[in-house]
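Overview (structure and organization)
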Amino acid sequence: MIGLHSSERLTDERVAAVLAMVALATEEDGVAPLSEHVMLHLRYGGDRQARNLILEQDDEVIGYAHLDPTDPVAGPSAELVVHPAHRRQRLGLMLVRALVAEAGTGPLRLWAHGDLPAASRLAAAAGFVRVRALWQMRRSLQARLGKPQFSDGITVRTFEVGRDEDTWTALNARAFVRHPEQGAWTRADLDLREQEPWFDPDGFFLAERGPRLVGFHWTKIHGKDGKAGKEGDHEHQAMGEVYVVGVDPDERGTGLGRALTLLGLRYLRSRGLFQVMLYVDETNTAAIGLYESLGFTHWDTDVMFANVP
Ligand SMILES: CC(C)(COP(=O)(O)OP(=O)(O)OC[C@H]1O[C@@H](n2cnc3c(N)ncnc32)[C@H](O)[C@@H]1OP(=O)(O)O)[C@@H](O)C(=O)NCCC(=O)NCCS
């Protein structure tokens, strides 16, 4: 008899059973099925709003899905895994349907790691379409970081809440004309993120030429209550993120993106962090080139699928 359980918190016994199944799946597929973020929350807890869906048969965990409803703009997202010895029995489909039901009326995003064919086929069978593939890149913050070199006429300051929202939104749209998901952010999207506990204007750098905003680097700290530096909901080691870097098309090729990235990396290092990661669309070759030249290497490929409810 197969049972499906949904809960906010898992018992220690269930966590151990999920981790054992994840280890088997990693062995079978050659890639870990869950993101580091979900794994950390499984091990250490602290993800109060998340939903955990467990498929069990005779007290054995044969499937697991994690639903994260906390992104106020992009909507809920989920990851799932089926025990290697129980695949092709429509359990994956069962989990996806349960996730859709838990997620409510809006669209749901499914993340898959390693770009495996089974994930793409399951997503298609469940009525999801491939939206994009992201590279996750990382580098150490302990290795040497060059000095940011800004060209003449450029000044740098940090984001001022209540003053920079509209100009930033306009620049973001210009900078990401070819990457609609990022470029379509509205003022309301920015306002919502400003309410998030991790939002830290001191780590949000703006470059200006005279009065004109021409570039930015918005950094993010995972696993720490950004500004206060106190541990928040997370109980694992904090990591920095190059959240978004954007440069006005008129200023491209002048080294502004590189200088802004370095400035933000130095800031993250000054906050005591050892590692930094970023997501970049796999088609964004210009950005990947910049990050590679700054010492970032490819860490993982994450594919995002979405349904059209
Ligand atoms: C992807 C995964 C969850 C699929 O789980 P599953 O229980 O084997 O999938 P299901 O039996 O529910 O498959 C439903 C449909 O998806 C398609 N499908 C799933 N796996 C497939 C495979 N290996 N080859 C071809 N089609 C496949 C089929 O159309 C299938 O229906 P069918 O069996 O009637 O033909 C499982 O392989 C897994 O845990 N992979 C690692 C984690 C992962 O990639 N997660 C992301 C999921 S988006």
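Residues numbered from 1 in each chain as written. Predicted model: local features only at pLDDT ≥ 70, side-chain atom pairs only at ≥ 80, totals over all residues. Heavy atoms only, no water.

**Section: a positive patch on the surface**
On the surface, R88, R90, R97 and R121 cluster together into a patch of positive charge. As for its position among the elements, R97 is in helix α3 (residues 91-103). (Patch = residues over 30% accessible without salt bridge, like charges linked within 9 Å, V, L, I, M, F, W, Y side chains within 5 Å. Areas by Shrake-Rupley, 256 points an atom, 1.4 Å probe, with all protein chains shown as cover. Salt bridge = Lys/Arg side-chain N within 4 Å of Asp/Glu carboxyl O. Lys, Arg positive; Asp, Glu negative; His and termini not counted. Charge placed at Lys NZ, Arg CZ, Asp CG, Glu CD. Helix = DSSP H or I, 4+ residues; strand = E, 2+ residues; numbered from the N terminus.)

**Details of the side chain of T169**
Relative to the helices and strands, T169 resides in helix α5 (residues 165-175). Here T169 falls in the buried class, since its relative accessible area comes to 12%. At 2.7 Å, the side chain of T169 forms a polar contact with the backbone oxygen of E165. Filtering out sequence-adjacent residues up to four positions away, T169 remains in contact with W185, T186, R187 and L190. (Buried < 20%, exposed > 50% of the residue type's maximum accessible area, 1.4 Å probe, protein only. Polar contact = N/O pair within 3.5 Å; in protein donor to acceptor, adjacent residues only side chain to side chain. Contact = heavy atoms within 4.5 Å.)

**Here we look at the domain arrangement of the protein**
Assigned domains within the protein: domain 1 (2-126) and domain 2 (138-301). A C-alpha centroid distance of 30 Å is found between domain 1 and domain 2. Between domain 1 and domain 2, roughly 1100 Å² of surface is buried when both sides are summed, and carbon and sulfur atoms account for 48% of that area. Where domain 1 meets domain 2, there are 0 salt bridges. Applying the counting criterion to the domain 1 and domain 2 interface returns 1 residue pair in polar contact (both at pLDDT 80 or more). Put simply, the parts of the chain that give the side of domain 1 that touches domain 2 at least two residues each are α2 (36-44) and β5 (109-113). A breakdown of the residues in the side of domain 1 that touches domain 2 according to their chemical character gives 5 nonpolar, 5 polar and 4 charged. (Domains from an automatic or database assignment. Buried area = accessible area lost by both parts, 1.4 Å probe. Nonpolar A, V, L, I, M, F, W, Y, C, P; charged D, E, K, R; others polar.)

**Observations concerning the packing of aromatic side chains**
All chains considered together, the criterion is met by 17 aromatic pairs. Each member of the aromatic cluster is reached from another via a ring pair, and the members are F159, W168, W185, W198, F199, F204, F216, W218 and Y243. Taking NZ or CZ as reference, R138 lies 3.8 Å from the ring centre of W299, over its face. (Phe/Tyr/Trp six-rings, centres within 6.5 Å; stacked < 30°, edge-to-face > 60°. Lys NZ or Arg CZ within 6 Å of the ring centre and 35° of its normal.)

**A closer look at unusual backbone geometry**
Residue D58 is not a glycine yet carries a positive backbone phi of 50 degrees. We classify D58 as exposed; its relative accessible area is 65%. The backbone of R90 sits at a positive phi, close to 65 degrees, despite the residue not being glycine. Its location among the elements puts R90 in the loop between β4 (77-82) and α3. For R90, a relative accessible area of 61% puts it in the exposed group.

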